[in-house]
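This is what each chain is made of:
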Amino acid sequence: MNDDPHGGWPGQDPDPARRPQRPAGPPRRPAGGPPPGHGQRPPGPQGPGQAPWQRQGAPQQPPQQPPRRPQRPQVAPQHEPDLITHHEHNGTEHRYDADRGYEEPYEDDQYVQETGEDGKPILTPAQRKKRRWRRIRRVLLALFCLFFVLPAIAFVITYFAVDVPSPQAVAATQGQAVTYYYADNTEMGKDVPKGGNRQILTPEQIPDIVKKAVIATEDASFETNSGFDVGGILRAVYNQVTAGKGGGSTISQQYIKVASGDDESSLTRKWTELAKSFKMNQTYEKKDIISAYLNIIYYGRGAYGIESAAQAFFGKPAGELNASEAALLAGLIQQPGRSENPKVANERWNVALNRMVQNNFLSAADRANLQFPTPIPQTDKQQAGVVNPFIRDKVKEELAANGITDAVYYTGGYKIYTTIDPKAQAAAEQAVAEGMKGQTDENLLNALVAVDPKTGGVKAYYGGPSIVKGPNGQDLKGRDWANTPQNPGSSMKPFDLTAYLKSGKGGINSTFDGSNNRQFGKQTIRNAGPGSSCSAQCTVSEAMQRSANTVFYDMVANVTKTGPVAEAAKDAGVKPSPDGTAELFTGDNNIALGGGKTVISPEDMAASYATFAADGQRRTKHFVAKVTNSQDEAAYSAPEEAKPAFSDDSDKSKQIAGNVTESLKGVIPFSKLKCPNGHECAGKTGTQQHTYRSGEPSSAKDSNSQTWMVGYTPSISVSVWVGGDGDKALKGKNGKAIFGSTIAGPIWQKFLTQYLNGKPGERFDKVKIIGGGDNNNTVPSTQTPPEDNEDTSETGTPSTGPSSGPSSSRNEEDPPSSSRNPPSSSENNGEESNGRGGGRGDNG
């Protein structure tokens, strides 16, 4: 056998055409190639260059050889011989590529593997590129398995595991009446949805224009998608990241969400929803899916399903809906809870129509000719066993803020346990009825709210009649005046005092100039009359009893400033917009006297005075104690929390509230009101003067537009408002002007007397007096109330006129006397009237 890998004998020169010479030296092998000495003969006794048969004792003749090709000329060997197994027949050597798993030909002179300092081979650019692409391929394969293969397997499993509920089964779970209970667990009544007896329509019974309006507005790809829209999902993700608006749910997904009643924000819920949506599209035709959706979705006004929505909004069956009406209902699906907001309804109507045009469901010319379809008036007749609509609306508002939204309100068979005390509610309605008896001014309106200081629960809520007559004699839903903000007048002064006490610059025994007609810059501030003025050394406590405007205007203008007054009101429980309805305007000093742009609702006034009654502990006003579902499982419970309102220190907050209470206790007898037997009480009246306008009768110059009485005992805080819808000249019996103590005050007193009858007597806790003269922890004695022919007014108006100019004083008991100057209709502080007194709005 020839050991020469190139076909020659040892010592012969290899074929120069196939084996170029290399420099002398030790053989070089690449990493992974044959080890040194591979293919050499093992050492033996023969000497170098001896053939095997020349060994000692061996035959001297070589063994017989088979015929072979002619020998080449022999030359001295240039390298150690290699085994023939390491070569191809063409004479090219191979190396083993560990990365690729096979040998690759190489030339000794062309391949030299270098290593780095760490002993690892140094790769060529081609090798590095090959390795990099190999890693990229592996990563892409792993990602493909992770994001496509595994989810596909999981989706298939989920697909076969879930069921799609039928429209009939879903309808059976919706439209359930909600049962209301009083605080003593007796039933108040039921709230039955208008769509409770709805009709499930077939696809043929629903007009195509309705289907197209909803498809265009809610899911433009409905006809082509498979239950979910990848583009919509990506848009939803983008909106989440960029804080934009809009989701990615298809009509099928929305149907599944409503059908299951599961709105949990979780990946598990969303994944299951996608699988059900896909399965629904494999199970039902598109016409059946859109019909099922239209039959169960919520549109507002308590209407579930397109048939009940058509009746609730337009008084007609769904089959008679036109394009304009269909667009409005389609637009309201996203915001059903705001269906009664004209601005929102108009915006949603336009959105629906524009999308119908974009999707070629409606021509631009037809769209331009459409008019907004005004819904029919919403009536809410209160009958036996039906919940008071104002209480219901407040409850629903509270529940919506805590997860039980308007869309699911009728779906759970809920039982709502309210804080309303049946005895207190009956006392409120009776007190208002008796207090308004004999009043002839048709512009007089009223409201009463009572709040428990110890819990924050609303015990009684009366917002006026729930049904009123329209211009054509039709029944219309009344306005909730208990939730409507008005100028508080002098009932704002306790917040002035709170800010003053918090400032640490004085107390209820500190003195101010309480004389009438004081000049503050360009403004002249008047008291309401002799009964409202006091000396130049008038204590804050006496000024509160007399409601001296000059003292509190001075206090805010020169000591506390307006910002801290607004903060004190918020600390007590007044909620400005957007969280509430109040406005605490600090742009001028009118807030000191509760006029101008400052407005607060009776509901907020009762809640904020309850903080004074609760020794400075503020509790969240609420109507709902707890909610259970149809299985009597807890669905919501009101939080029981209290926090110091006027200071981080509970004792300091209690001291401030107690000082306010001390100053308000004297107001009750001064206003000729009485506390219930055995109970201490405190409170403040308030009156807002009407702004006289050209063309009104002269009697309007002496009229008022809003009156208040807000007060409390340790166990109940009550706000009573009697006024008009805006700045109207109101008159009481016999045409006399009304004041806080003439109608609102007696209603307040009647309520407390009835509600607290038979309850144990109660007194306020004593606190240390803050500020001047507090060494003996006493306050000035209560001022003797004036006789009937004396002024007990508490109203006044800032004026830019001279101090000797006309007065805008008011008498709480009697019409203005001849000794007082008539008010001037021209004095309005240079401000435009806003229907709530304008610049004149700081009257008692």
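Scroll up for the structure.
The present account deals with the structure reproduced in this document.

1. Section: the overall build of the chain
Move 1: Along its length, the chain carries 21 helices and 23 strands.
Move 2: Within the span of the chain, comprising 844 residues, buried residues form 50% of the whole.
Move 3: Sequence-distant contacts, at least 24 apart, represent 71% of the contacts inside the chain between residues at least 6 apart.
Move 4: Carbon and sulfur atoms provide 51% of the accessible area of the chain, an area that totals close to 39900 Å².

2. Considering the sheet that holds strand β21 (residues 704-713)
Move 1: Here we have five strands laid out as an open sheet, ordered β9-β8-β22-β21-β20, and antiparallel in their pairing. With partners counted over all chains shown, the strands left at the sheet margins are β9 (458-462) and β20 (682-689), one partner each. Across the sheet, the mean angle separating the axes of adjacent strands is 10° when strand polarity is ignored.
Move 2: By the bridge criterion, eight bridges tie β21 to strand β22 (residues 716-723) in an arrangement that is antiparallel.

3. A closer look at the packing of aromatic side chains
Move 1: For the structure shown, the criterion picks out 15 aromatic pairs.
Move 2: Look at Tyr-712 and Phe-764: their rings are 5.7 Å apart centre to centre, the planes differ by 75°, and that puts the pair in the edge-to-face class. Taken as a pair, Tyr-712 in strand β21 and Phe-764 in the loop between α21 (740-756) and β23 (798-799) lie far apart in primary sequence, 52 residues in all. Taken individually, Tyr-712 and Phe-764 each receive the classification buried, so the pair is uniform in this respect.
Move 3: Residues Phe-751 and Tyr-755 carry aromatic rings whose centres are separated by 5.7 Å and whose planes lie at 10° to one another, so their mutual orientation is stacked. Here Phe-751 pairs with Tyr-755, and both are found in helix α21, just four residues apart, close to one helical turn. The pair Phe-751 / Tyr-755 is uniform in exposure class, with both members buried.
Move 4: Grouping aromatic residues by their ring pairs yields a cluster made of Phe-495, Tyr-609, Phe-612, Phe-646, Tyr-712 and Phe-764.
Move 5: Looking at Arg-367, its charged tip hangs above the ring of Trp-349, at a distance of 5.8 Å from the centre.

4. Here we look at the packing of helix α8 (residues 306-314) against helix α9 (residues 323-332)
Move 1: At a minimum axis distance of 11 Å, the contact between α8 and α9 shows a crossing angle of 110°. Judged on the interaxial angle alone, α9 and α8 are roughly perpendicular. Helix-helix and strand crossings are classified by hand; for α8 and α9 the assignment is right-handed. The segment α8 lies against α9, with Ile-306, Ala-309, Ala-310, Phe-313 and Phe-314 engaging Glu-325, Leu-328, Leu-329 and Leu-332.

5. Some words on the pairing of strand β7 (residues 415-418)
Move 1: Where strand β3 (residues 178-181) and β7 come together, three bridges link them in parallel fashion. Across the sheet, residue Tyr-181 finds its bridge partner in β7, namely Tyr-417.
Move 2: In terms of strand pairing, β7 meets strand β17 (residues 624-628) through four bridges, oriented antiparallel. Within β17, the position partnered with Tyr-417 by the bridge is Lys-626.

6. What about the state of the cysteines?
Move 1: Per the stated rule, a full pass over the model turns up two disulfides.
Move 2: Each disulfide pairs two cysteine sulfurs, and for Cys-534 the partner residue is Cys-538, the sulfurs being separated by 2.0 Å. One quick way to see it: the torsion about the S-S bond of Cys-534 and Cys-538 is about -100°, and its sign makes the bridge left-handed.
Move 3: With a sulfur-sulfur separation of 1.7 Å, Cys-675 is cross-linked through a disulfide to Cys-681. When the S-S torsion is -85°, as for the bridge of Cys-675 with Cys-681, the disulfide is left-handed.
Move 4: Across the chain, the way the bonded cysteines pair up, counted in sequence order, is 1-2, 3-4.

7. Thoughts on the sheet that holds strand β18 (residues 634-637)
Move 1: Read across the sheet, five strands follow the order β4-β3-β7-β17-β18 without closing on themselves; strand pairing throughout is mixed. Both edges of this open sheet fall to β4 (187-191) and β18, since each of them pairs with a single strand only. When the angles between neighbouring strand axes are averaged without regard to direction, this sheet yields 20°.
Move 2: Set on the sheet, helix α12 (residues 389-400) makes contact with β3, β4, β7, β17 and β18; between it and β17 the angle comes to about 70°.

8. What about unusual backbone geometry?
Move 1: Pro-578 follows Ser-577 through a cis peptide bond whose omega is 10°.
Move 2: You will see that Lys-561, though not glycine, has its phi angle at about 70°, which is positive.
Move 3: We classify Lys-561 as partly exposed; its relative accessible area is 47%.
Move 4: In the Ramachandran plot, Lys-672 falls in the positive-phi region, its phi being about 60° despite a non-glycine side chain.
Move 5: Looking at Lys-672, the relative accessible area reads 30%, which means it is partly exposed.

Rules and cut-offs
- Residues numbered from 1 in each chain as written.
- Predicted model: local features only at pLDDT ≥ 70, side-chain atom pairs only at ≥ 80, totals over all residues.
- Heavy atoms only, no water.
- Helix = DSSP H or I, 4+ residues; strand = E, 2+ residues; numbered from the N terminus.
- Buried < 20%, exposed > 50% of the residue type's maximum accessible area, 1.4 Å probe, protein only.
- Contact = heavy atoms within 4.5 Å.
- Areas by Shrake-Rupley, 256 points an atom, 1.4 Å probe, with all protein chains shown as cover.
- Pairing = 2+ DSSP bridges.
- Axes fitted to C-alpha atoms, helices over the stretch in contact; angles between N-to-C directions.
- Phe/Tyr/Trp six-rings, centres within 6.5 Å; stacked < 30°, edge-to-face > 60°.
- Lys NZ or Arg CZ within 6 Å of the ring centre and 35° of its normal.
- Parallel < 35°, antiparallel > 145°, perpendicular 65-115°, else oblique.
- Left-handed = near helix turned anticlockwise from the far one by under 90°.
- Disulfide = S-S within 2.5 Å.

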